[in-house]
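Fold and geometry: a report
Below, each chain spelled out in residue letters.
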Amino acid sequence: MSNRQPQWTLEEVTALFDGVFFERYQTRLVRGGDEPLYRPADDQTPYHQIIFAHGFFASALHEISHWCIAGAERRRQEDYGYWYLPDGRNAEQQRAFEQSEIAPQALESLFAEACGREFHVSVDNLGGDAAVDRDAFQKRVMARAKRYEREGLPLRANAFRHVLRAYYQQGLAREVALAQGLEKLKRKQLC
């Protein structure tokens, strides 16, 4: 993190996300309670919501990473139409969970790095019977992050990462960082 920027706050990451994506994607980052949730717009709320858990900065980055991967059809469905089993998964369920989490956690790691924050993988099965190999999972996540670095990030992920780097590492004003992120979105066809 740049010495010129304040410590990470939820207000900052929310303003950075909303500033880049609200106008084009009608999507906001929202602080939530116990469980994260993606909620598409409906009659009560005219915009899509990425609801992150407990007001944790890392949860915000993680939920943003899921959104950056989800295609247009997935973004029309609550929680992108994916399954989720809470703590207590068996070995097969845990393998499926970890497989589905490699790409989002790889993006989350890149977002954390862009903010100057430490990243920790989450196996998210504290109460389960399945043995969890955190080190092996972390290696798969980091290998995917390196692949993103080589092959390029999805359009929205690339724009958000650029904004985070500009703001936190280069110390640019929020408005300047946001303008650069918006420019990244314009350079490629929208997905």
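Let us look at the structure shown here.

Parameters and conventions
Residues numbered from 1 in each chain as written. Predicted model: local features only at pLDDT ≥ 70, side-chain atom pairs only at ≥ 80, totals over all residues. Heavy atoms only, no water. Helix = DSSP H or I, 4+ residues; strand = E, 2+ residues; numbered from the N terminus. Buried < 20%, exposed > 50% of the residue type's maximum accessible area, 1.4 Å probe, protein only. Contact = heavy atoms within 4.5 Å. Areas by Shrake-Rupley, 256 points an atom, 1.4 Å probe, with all protein chains shown as cover. Phe/Tyr/Trp six-rings, centres within 6.5 Å; stacked < 30°, edge-to-face > 60°. Lys NZ or Arg CZ within 6 Å of the ring centre and 35° of its normal.

Okay, the overall build of the protein chain next. Tallying secondary structure elements over the protein chain gives six helices and three strands in all. Taking all 191 residues of the protein chain together, 43% fall into the buried category. Pairs at least 24 residues apart make up 63% of the contacts formed inside the protein chain by residues separated by at least 6 positions. Looking at the protein chain as shown, the accessible area adds up to about 10200 Å², and 47% of this sits on carbon and sulfur atoms.

What follows deals with the packing of aromatic side chains. Taken as a whole and judged by the stated rule, the model has eleven aromatic pairs. Ring plane angle 85° and centroid distance 5.0 Å describe the contact between Y167 and Y168, whose orientation is recorded as edge-to-face. What makes Y168 buried here is its relative accessible area of 0%. Members of the aromatic cluster, each reached through a chain of ring pairs, are F17, F21, Y25, W67, F111 and F160. One cation-aromatic arrangement involves R28 over F22; the distance from NZ or CZ to the ring centre is 3.7 Å. Its guanidinium or amino end placed over the ring of Y25, R156 lies 5.6 Å from that ring's centre, counting from NZ or CZ.

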